[in-house]
Structure formats: structure tokens, C-alpha cells
Amino acid sequence: MNAPTSLTAYTPLMDRSADFPILARPVKGRRLVYLDNGATTQKPASVIRAESRYYEESNANIHRGVHWLSQHSTDLYEQGRERVRSFLNAARSEEIVFTRGTTESINLVAGSWGRSVLKEGDEILVTGMEHHSNIVPWQLLCQQTGAVLRVVPVLENGELDLPAYRSLLTPRTRLVGVAHVSNALGTVNPVADMVRLAHEVGAKVLVDGAQAVAHQVVDVQALDCDFYAFSAHKLYGPTGMGALYARYDILKDMPPWQGGGDMIHTVSFERSTYADVPQRFEAGTPNMAGVVAMDAAIQYVQDIGLAHIAAYEHELLDSATEQVSALPGVRIIGTAAQKAGILSFVVEGIHPHDLGTILDTEGVAIRAGHHCAMPLMTRFGIPGTARASFALYNTQDDITALVAGLRKAQKLFGTGQ
Amino acid sequence: MSGQHSDLRELYQEVIFDHNRHPRNFHAMPDASHTADGHNPLCGDQLTVYARIQDGVVQEASFVGHGCAISTASASLMTEAVKGQSIADVEALFKDMHAMLTEAHPEERDFGKLEVLSGVREFPARVKCATLAWHTLHNAITQARDTARTE
């Protein structure tokens, strides 16, 4: 990998309009300034092509046909698994389960591992900055098993209260659920340290990697986590596609979650036996085109290099933070020392939704609201934030447009003088 | 000036800014005969609407809560508009407001001051901001127990 040091946010990583067709389309008569990448990223032409080429050249059901096309499709599907393995640096490809995305990955762990292991009085520890998808599955599991949900507090700067985390870890803790990168604040959590501490009390750790995988190198063996979940669509890949990494010695003993075709070994009306992992967790005909397109998306970021992407986006974030916080009446929500890709803020006298509408008329797409992290908004005493989130195709021009749009909103509302 | 900008001015008229900055009847009402909570889960807007209704007439209406400029102004304007109206008139106004905010060609009607909210129609993502208070008042009057959800 090339050294990322010489790179600045003024050096484009790629050919913007050739690689991302949608960025060439105007919105409301203006250049599209897409800063809602935390919600979903745009797709490179290579990903769009991979998906259509799959249907044009390779489509057949996998793992069951004796014909050539079925074997070809199966090969592509398993090649996608190997791609994800190498992307996360998992030890073996059996540790990768394809899912519909991060949410389904977490629900799989809660529904299979959680329901078979947890007992009354056990504890699940999540953090105060989790996305609803890393809260609600555990709440449901607690209702089903009598386990108790505990929460690691968030400090004023958007970092986790690590001394509190240490004291909340007890032999009763069976699982820790933590976001690698907070979707609402951009905080990068010290996951490797948190895993080490959790393992000392015998707890497993699930990392929600939805906002991390597109922005930094992820190595599940270095993190030493037990589960790692992510979605393809926040990684320049297709929607409705994602994966779960689960450590082999845990995954192999997990009971089936959804029943159906492809996940069985034998079926009779008296008793069925189940397939080995990972097929045990892939019931039904899977999203084969999605796997192929996700493979292409990972290849796309690997070709540019995640270290490069991280360095470039870091410059963008620093620049945006500096310019936005220089505006009068603006408060940045989330000022952690380690951040990635996300700038969340509130503007005095202007509700985030009004900001979103006004920026939209300038062609600037941001997210406004609670970012599926209502407990976190409550913690900061705000109904929501405006969030600009960055991707590898964003530029200094995009930040200039964001700042101009914010000035316009302040002028319209007669604030910010 | 391009079309989008005139739309934006249509949406954010001075009256809206005025009611956003200085919402009218913005207080709880301990002696309310009717009350309901409204919540827009999409954006987190939350409000409580109060009404004191006597002999089938709204004597007074008020609200508390937080939301965007559109939702706050709509609630504020609503509390002024329904004061002194019969329940039947308020329910008819609720229906007409809903049509004015959501339909391309609503029936002609003189909405008076409420007309300033009509610009919302051009911003489909914001219609629910404007209707939240009205759904909540409707629930308060009809004593529906659930939190209003702008649907």
C-alpha cells in the first residue's frame, strides 16, 4: 500500500464523475453535493456493472444445481465470502455469514447465540451512543431471557466513559455491544481495549461496524472481537446486503436461527439436522447478485486503499469541522479525539429539519434528526442534529457549498449575526 | 432568482418566522378539559396540545413541546385559529387544513392567516411537520388515547 502521508483533501482519490454516475446528475438544477454518506453511500459504476453482469451472464441458484451455471454462480458467491474474509482479515471464510445488513447480523447473534446462552440475571452491556439496531435486539432478548441491559455512559465530548465501562463489566456480563464508529457523533471507540477488558470477565463482544468499514482498515483478529457486523450499502455496495463475522469456535455451536432450504443437512418429519457453518445461517435462496456486487464494492475500496481513504477523509473532516464551527451560533456535537467521517452539529435558533430543507434547495444533501440514536440525543438534551457525513468522493467544494448553505439558512432565519 | 428560492420563501414566510420565534399560547393548561400528545418519530418533534372546551366551544387552546419552525408555527397558528370555534367547526377546519397541506388542488376556502402554511405542499418531506399539531388537537377533541402520529 502506498504511503498516505502526501495526500490532502485537495487531491481527488478517483475520477468522481466517471466512477460515480449519480454525482453527475443535478438536483433541483444544482450540482449534487452529497453529504449523507452515513445513511448510504453512492455506488461506483463497477458495482452497478457487476450486479447487472451477474444477471446477464451468471444467474443460477447456488449450492444445489448439477449444471454448469449453478456451479459458476456458486463459485462467484463463495468468492464473495473469501473477499469479505480478506477484507476483515478473518482467520477463515467459514466465519463469514451473509445477511441483509448490519441490523440482520445483530439480530442473528441475539436470536441464535443470545437465546441459547443467556439466562435470567445475565447482563448485556451496550453503550449510550448505539444505533437503535444495537439496542432493540438486545432489549427483545432481555425480555425473552430475563437478562438485564446495562448502558455505558457517554461523556460530554462524545467519548465513552471508560472508567464507568470497567466498573460495569462484571462476571454477570455476557455480551458487550459497541459501535466501532458512532453514526451520530463520528466517535471512533477504542474497541480493541474494550474487547480485552470484556474478555477478562468472560464476556463476548459484538462490534457494530456499519460506520467503520468504509473509512478505516478493519482487522477482526487484531480487534480480537467475537462478532463484527456491517452493511454493504454504506460501503459503496448494494442495499439489502451485509455480513456477520463470528469467531469460528462460537459460530460452530450456535443453533439455527431461520429455518429453510440450504441450511439443513437432512430433513424428516421426525427430525432435521443442520448444515455446517456458515450455511446453517443462510436459509433460503440468498442475495447472490448482492454478494457479487458487494465483492466489487470491496474491491473498489481495496484498489484505492483504505489507509488512503482514511487519510483523505480525515483531512476533509478537519476542514469541515474548522469551517462549520467558525460560523456563529454553531455547536459541534461530538468532539472526540478520534473521529471518522461524521460532522454532527446544531445551529442556534434553527431546527435541524429546517436546515435540511434549506440546504436541500442548494443541492446539499445532509441528514437531520435523531439518527436512530434517540437515547444519545436525550443525553445531549437535543431533539436531533444536522449531520454531514463524508465519503471518498467528497471534495473541498462540497464543504464550501455546505458552509454557504448554512450561512444562507442563518440569513433567512435572521440568526447568526 | 430561481424557482427553488421562491419556493423557499413561500415555505418560510415572515408569519412563520414570527410564530416560530414567539409562539402564541405556548404554555401548559392545568384546567384543560382535553389534552393529547403528538409525536413525529421521523424527526423527533414532540408536543402536547391542550384545550378547554365548554358547551361544545373551544374557549382556549395551548401547546408545549419542541419542533422545527414549521411545526412550531403551525401549532401556534392553530391555537389562535380554533379559539372560540365550535367542535364541529374545528373538526371541519382540521379536515380542510389536511387537504390544503397534502392535496394538489384543495377545495377553495378562506384560511385567513393559516394560508401561510400552504407553501408546505411543495415540500412533501415537511408536510408532517405542519400536520402534527392538527392531528394532536383532533385526538384531544375526540379523546383518542394514542399519541398522534401524523398518519
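Calculation notes
Residues numbered from 1 in each chain as written. Chains lettered and ligands numbered in written order. Predicted model: local features only at pLDDT ≥ 70, side-chain atom pairs only at ≥ 80, totals over all residues. Helix = DSSP H or I, 4+ residues; strand = E, 2+ residues; numbered from the N terminus. Rg over C-alpha atoms; globule rule 2.2 N^0.38 Å. Buried ≥ 20, exposed ≤ 12 C-beta atoms within 10 Å, placed from the backbone. Contact = placed C-beta atoms within 7 Å. Core = buried A, V, L, I, M, F, W, Y, C linked by C-beta atoms within 7 Å. Domains from an automatic or database assignment. Pairing = 2+ DSSP bridges. Nonpolar A, V, L, I, M, F, W, Y, C, P; charged D, E, K, R; others polar. Axes fitted to C-alpha atoms, helices over the stretch in contact; angles between N-to-C directions. Parallel < 35°, antiparallel > 145°, perpendicular 65-115°, else oblique. Left-handed = near helix turned anticlockwise from the far one by under 90°.

Caption draft 1: Here's a closer look at the overall build of chain A. Helix and strand counts for chain A come out as 14 helices and 17 strands. What you see for chain A is a C-alpha radius of gyration of 22 Å, in line with the 22 Å of a compact globule of 417 residues. Viewed in the frame of its principal axes, chain A has a C-alpha envelope of about 75 × 55 × 40 Å. In chain A, which comprises 417 residues, the proportion classed as buried is 51%. Sequence separation of at least 24 residues holds for 71% of the intrachain contacts in chain A that already meet a minimum separation of 6.

Caption draft 2: Structural view of the nonpolar core. With 161 residues, the main nonpolar core has Val205, Phe227, Tyr245 and Ala297 of chain A together with Val49 and Leu137 of chain B as its most contacted residues. Counting contributing residues, this core receives three or more from each of domain 1 (4-31 + 305-413) and domain 2 (48-302) of chain A.

Caption draft 3: Just the pairing of strand E14 (residues 342-347) of chain A, in detail. All names here are of chain A. Counting buried positions over the 6 residues of E14 gives 6, a clear majority of the element. On E14, burial covers both faces: Ile342, Ser344 and Val346 on one face and Leu343, Phe345 and Val347 on the other are all buried. Alignment of strand E13 (residues 330-332) against E14, held across 3 bridges, turns out to be antiparallel. From the neighbouring strand, Arg331 faces E14, where its bridge partner is Val346. Bridge analysis of E14 against strand E17 (residues 385-389) gives 4 bridges, and the strand direction is antiparallel. Residue Phe345 lies in a different strand from E17, and its bridge partner there is Ala386.

Caption draft 4: Quick look at the domain arrangement of chain A. All names here are of chain A. Taken domain by domain, chain A holds domain 1 (4-31 + 305-413) and domain 2 (48-302). Taken residue by residue, the interface counts 24 residues in domain 1 and 23 residues in domain 2. Among the residues forming the side of domain 1 that touches domain 2, the class breakdown is 14 nonpolar, 7 polar and 3 charged.

Caption draft 5: Representation of the sheet that holds strand E1 (residues 34-40) of chain B within the structure. All names here are of chain B. The strand order across the open sheet built from 3 strands is E1-E2-E3, with neighbouring strands paired in antiparallel fashion. Edge positions in the open sheet fall to E1 and strand E3 (57-66), since each of these has one partner strand only. Shown here is a sheet whose adjacent strand axes are inclined to one another by a mean of 15 degrees, direction ignored. Pairing of E1 with strand E2 (residues 45-54) involves 7 bridges; the strand directions are antiparallel. Within E2, the position partnered with His34 by the bridge is Ala51.

Caption draft 6: Looking closely at the interface of chain B and chain A. If you look at the interface, chain B gives 16 residues, while chain A gives 15 residues. Per element, the largest residue contribution to the side of chain B that touches chain A is 3 residues, and it comes from helix H1 (residues 3-11) of chain B. Here the residues of the side of chain B that touches chain A are counted per class, giving 9 nonpolar, 6 polar and 1 charged.

Caption draft 7: Quick peek at the packing of helix H4 (residues 87-102) of chain B against helix H5 (residues 127-142) of chain B. Residues and elements named next belong to chain B. Between H4 and H5, whose axes approach to 10 Å, the crossing angle comes to 160 degrees. Considering the angle they form, H4 stands roughly antiparallel to H5. H5 is crossed by H4, and the crossing has left-handed handedness. In this structure, H4 contributes Ile87, Val90, Glu91, Phe94, Met97, His98, Leu101 and Thr102 to the contact, and H5 contributes Val127, Ala130, Thr131, Trp134, His138 and Ile141. The residue inventory of the contact of H4 with H5, partitioned by class, reads 9 nonpolar, 4 polar and 1 charged.

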